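# Chains, contacts and geometry: an overview
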Amino acid sequence: MAAYQLAIAGLKVLVLEAGRSYDPVRETPMFKLPREAPLRGAGGREKPFGFYDATVDGGWEVPGEPYTNAPGTDFRWWRARMMGGRTNHWGRISLRMGEYDFKPKTRDGLGADWPLSYKDLAPYYDKTELLIGVYGGDDDLENTPRSSPGVLQPPPAPRAVEMLVKKHATPLGIPVIPAHLAIMTQRQNADRLPKLLHPGNALAQRVLRQSMQSRAACFYATPCGWGCSIKANFQSTTVLLPPALATGNVDIVPDAMVREVTVGKDGLATGVSYIDKRTRQDRRVKARVVVLAASAAETARILLNSKSSQNPNGVSNSSGLVGKYLMDTVGAGLGGQIPMLENLPPHNNDGASAMHVYMPWWQYKEQLGGKLDFARGYHVEFGGGRGMPGNGSFNFLENLTQGAYGKSYKEAARRYYGSFVWFDGRGEMIPNEDSFCEIDPEVVDQWGIPVLRFHWKWSDHELKQAVHMQKTFAEVITAMGGKPGSEPQTDGNKAIAKGGQIIHEVGTCRMGDDARTSVLNQYCQSWDVKNLFVTDGAPFVSNADKNPTLSILALAWRTTDYLLEQMRKKEIG
Ligand SMILES: Cc1cc2nc3c(=O)[nH]c(=O)nc-3n(C[C@H](O)[C@H](O)[C@H](O)COP(=O)(O)OP(=O)(O)OC[C@H]3O[C@@H](n4cnc5c(N)ncnc54)[C@H](O)[C@@H]3O)c2cc1C
Ligand code: SF4
C-alpha cells in the first residue's frame, strides 16, 4: 500500500523484497485439481496448507532462516518469502475495527488505548475498501461498524449450510450477518472510482483505471488460498503493485534481505543495508525516507539489529519497547456432524472460497455487566457443505461407519458428504509483558543476520475466552440437531491454538501519544527517527478480534498521507 500511495504521488520508490519475484497470473495454480497433485493436494512440511497454497518459499519454516523460542514458549511464525508476502495466500476476511477496539483500556482498564479513534480511520477504511474491492453487508451492530453507503460490494447469498446455522444460532441470541471479504462480487467502476479515490491526480487515475479494468469479478469456483489470477480478490501482487509499477516510479529488487536501517550522525535514517541473496553480498541503498513493512515481527528484528554505538539497543528503540507487546489472535475450533444435512441432493456449494456470513461478537453488554469471566470478544468464522472434495474430505467417516469399505463405504460417503460443519473463533488478545520477541544472542540465519527469539504467554482472559468459544460451538451444533466431533474443551490451555498459529501477529512497535511508552506516533512515524515509518502490523496497540489486514492497509494509507504532507512541509526528506 505504501509503495502504491507514494508512487502515485510522484515519489521515486525502491521496494526491497526478501522473497523471489512472483507472477500471480502465470504462477497461480487456481485451475488445478486436487487429483493432479501429489497426495491429492494434502499439506506437508513444505506446503502446510496444501500442495497448491499460494505461499512459495515460506510457511512455518523458511529453510536457512530459523527463529528460536525461549524455554516454555512454542510460538509459531508463518512467513512468506515472495513478492506480495502473505497477501497472496490470506483468507481475505476483512473486518473493520470498531469504536471500542481503539479505546479498550478506557472501557475495561486493560491493555492500552490507541492514540487515534475509529473516526480517524473510518475514511481510510472506506477508501481502502473501494480500492481493493470488499463484499459485505450494511449491518450496524455494536462495535461492528458499517461502511459508508456505496462502498461495499453486494455479499453473495448464504449457502444452505450457512442458512441452517443462522436459523439455529439466532434463537441463542447469536447474530449471523454477511461477512466482509476482499473479494469482488462485481467488477469495479473503472471510470468513477479512480476519480473518487485520487481527485486531481491524473497519473493515479490513469494507472488505477487500467488496473481496475484488468480485474474480473469472482466466479465462485476456485480456492482463494491458491491465489487468484483473474484478480477478483485482493493480493498486493494483483491489486497494488501493478498500478504502482505502471507509474514508472517504482523499482522492485527481489531477493534483497534487509538487515538494518542505517542512521546518520544527525540521527536521521540514511537508508538500509541488505544482503543480495543471489550473490550473498552486502549492499547499501540511500533513501530520503525509510518505510518498513516486513511484517510485525520482522520489522522489529530489523530495528533491533540496527545496532551501533549511537543506537546500542537498535534504531527507534529509546523507549526499549521494540519487540514488546507481541500479539496474535485467540483461536479455538470445533466441528460437528448434522444429520439434517445428510443425503443432500448434489448441488454446487463452492461460492467465494470463504464464508458468506459470519457471527460478530454479541456479548458486549453481558461482558460490561460482569457476566462473563473474561474480557474482550471474538467473532466466529464457520462453514461446511459440499465444497469440492479434496484430500481429507471424508476423514470423519471412520467414526460414523465403523470401518465400512467397498460399496457400503461409497454409500456412506454420499450420505455424509456435506453434513459436517466447523466453527472457528477468532478473539482479541490483550497485550502482556510476557509476550515479546528479541534478538537471539547466539543464532544467526544463513545470511549471518541474528534471528528472533520469541517469548509467549496467554493470560487467563484468552484461555477462558477459548473455552467459551468451544462451549458456544457445541451449543450451536446441538441446537442444529447435530453432534460435536469431540467434547468441548474445558481446559483453556487445551482449547486455545498456539501463539502465532492464527497468523495474525501484530504489535512489537506500538504507536502512542508518548515517546516514553511507545515506538511510533499515531502516524506510524518513529518518535526517534522522524524519516522512518512502519506500515505493517507492528504499530498495533491491541489486537481486536477483527482480522488485522484491512486495518494494516487503511493505516498505511493514512501514514503515507501524513508522510507526503511532512515532505511537502520539508519536515522530512
Ligand atoms: C493462510 C493465511 C490466512 C490468513 N487469513 C487472513 C484473513 O482472512 N484476514 C486477515 O486480515 N489476515 C489474514 N492473514 C494474515 C495476513 O496475511 C497478514 O496480516 C498480512 O499479510 C500482513 O501483511 P504484512 O505486509 O505486514 O506482512 P507480509 O504479508 O508477511 O509481507 C511482508 C513482506 O516483507 C518481506 N520481508 C520480510 N522480511 C524482509 C526483510 N528482512 N527484507 C526485505 N523484505 C522482507 C516478505 O518477504 C514479505 O513479502 C492470513 C495469513 C495467512 C498465511
Ligand atoms: S473464489 Fe473468486 S476470488 Fe477466490 S480465487 Fe476463485 S475466482 Fe478468485
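Refer to the structure printed above.
These remarks concern the structure in this document. Treat the numbers as computed from the prediction; the structure is a model and nothing was measured. (Residues numbered from 1 in each chain as written. Chains lettered and ligands numbered in written order. Predicted model: local features only at pLDDT ≥ 70, side-chain atom pairs only at ≥ 80, totals over all residues. Heavy atoms only, no water.)

## Some thoughts on the site of ligand 1
Among the 32 residues in the neighbourhood of ligand 1, the closest are listed as Glu17, Arg86, Gly91, Val258 and Thr549. Note that an oxygen atom of ligand 1 is positioned 2.6 Å from one of the side-chain N or O atoms of Glu17. One of the backbone nitrogen or oxygen atoms of Gly91 is found 2.8 Å away from a nitrogen atom of ligand 1. Within the complex, 91% of the 990 Å² of free accessible area of ligand 1 lies under protein. (Near = heavy atom within 4 Å. Polar contact = N/O pair within 3.5 Å; in protein donor to acceptor, adjacent residues only side chain to side chain. Areas by Shrake-Rupley, 256 points an atom, 1.4 Å probe, with all protein chains shown as cover.)

## Digging into helix H6 (residues 160–169)
All of the buried residues in H6 are Val161, Glu162, Leu164, Val165, His168 and Ala169. Down the axis of H6, the sector holding all buried residues measures 160°, keeping them to one side. At its buried positions, H6 is contacted by strand E11 (357–358), strand E12 (378–384), strand E13 (420–427) and helix H15 (460–479). (Buried < 20%, exposed > 50% of the residue type's maximum accessible area, 1.4 Å probe, protein only. Helix = DSSP H or I, 4+ residues; strand = E, 2+ residues; numbered from the N terminus. Arc of directions from axis to C-beta. Contact = heavy atoms within 4.5 Å.)

## Quick notes on the state of the cysteines
Covalently bonding the sulfur atom of one cysteine to the sulfur atom of another cysteine gives a disulfide. Under the counting rule described, the total for this entry stands at 0 disulfides. No disulfide involves Cys437; its sulfur sits 8.3 Å from the nearest other cysteine sulfur, which is in Cys509. Taking the relative accessible area as the measure of exposure, Cys437 reaches 1% and is therefore buried. (Disulfide = S-S within 2.5 Å.)

## Here we look at the sheet that holds strand E14 (residues 436–444)
Judged by pairing direction, the sheet is mixed, and its 3 strands sit side by side in the order E2-E15-E14 without closing on themselves. Both edges of this open sheet fall to strand E2 (68–69) and E14, since each of them pairs with a single strand only. Bridging between E2 and strand E15 (residues 450–455) involves 2 bridges; their strand directions are parallel. Looking at the pairing, Asn69 lines up with Phe454 of E15. (Pairing = 2+ DSSP bridges.)

## What to know about the nonpolar core
Note that soluble globular proteins tend to have their nonpolar side chains buried in a common cluster. Grouped together as the largest cluster of nonpolar side chains are 127 residues, with contacts concentrated most on Trp114, Leu131, Ile132, Met359, Phe423 and Phe454. Ranked by residues supplied to this core, first place goes to helix H17 (residues 549–568) with 11 residues. Once residues lying within four places of it in the same chain are set aside, the contact partners of Leu131 are Met1, Tyr4, Gln5, Gln188, Leu197, Leu208, Met212, Arg215, Val239, Leu240 and Trp557. Listed in part, the 15 residues of the second largest apolar core include Tyr135, Leu181, Cys224 and Ala352. (Core = buried A, V, L, I, M, F, W, Y, C linked by side-chain atoms within 4.5 Å.)

## Regarding unusual backbone geometry
Not every positive phi belongs to a glycine, and Lys231 is a case in point at roughly 65°. Mapping Lys231 onto the fold places it in the loop between helix H8 (202–213) and helix H9 (236–239).

## What to know about the site of ligand 2
In the vicinity of ligand 2, the contacting residues are Met30, Ile183, Cys218, Phe219, Thr222, Cys224, Gly227, Cys228, Ile230, Ala232, Asn233 and Ser353. In a pocket analysis with a 2 Å cut-off to the grid points, ligand 2 is assigned to the largest cavity. Residues that form the shell around ligand 2 fall into these classes: 8 nonpolar, 4 polar and no charged. (1 Å grid on protein atoms, 1.4 Å probe; cavity = no way out; pocket = protein on both sides within 12 Å on 5 of 7 lines; lining within 4 Å. Sits in = over half its atoms within 2 Å of the grid points. Nonpolar A, V, L, I, M, F, W, Y, C, P; charged D, E, K, R; others polar.)

## A look at the pairing of strand E5 (residues 256–263)
Most of E5 is tucked away: 7 of the 8 residues are buried. In sequence, E5 turns back onto strand E6 (residues 269–276) through a hairpin of 5 residues, with Gly267 there showing a positive phi of about 85°.

## Examining the environment of Val315
As for its placement among the helices and strands, Val315 is situated in the loop between helix H11 (296–305) and strand E9 (324–327). The exposure class assigned to Val315 is buried, which follows from its relative accessible area of 1%. The spacing of Val315 and Trp527 is 212 residues in sequence and 11 Å in space, taken between C-alpha atoms. If we ignore the near neighbours within four places in the chain, the residues touching Val315 are Val261, Val263, Leu303, Ser306, Val322, Val529 and Leu532.

## Some words on the pattern of salt bridges
By the definition in use, this model includes 32 salt bridges. Residue Arg45 is joined to Glu61 by a salt bridge in which the shortest nitrogen-to-oxygen separation is 2.9 Å. You can see Arg45 sitting in the loop between helix H2 (24–27) and E2 and its partner Glu61 sitting in the loop between H2 and E2, a full 16 residues away along the chain. Using a relative accessible area of 68% as the deciding quantity, one classes Arg45 as exposed. In this structure Glu61 comes out as partly exposed when scored by relative accessible area, which is 43%. The shortest N-O distance in the salt bridge between Glu162 and Arg159 comes to 3.3 Å. Judged by its relative accessible area of 13%, Arg159 falls in the buried class. (Salt bridge = Lys/Arg side-chain N within 4 Å of Asp/Glu carboxyl O.)

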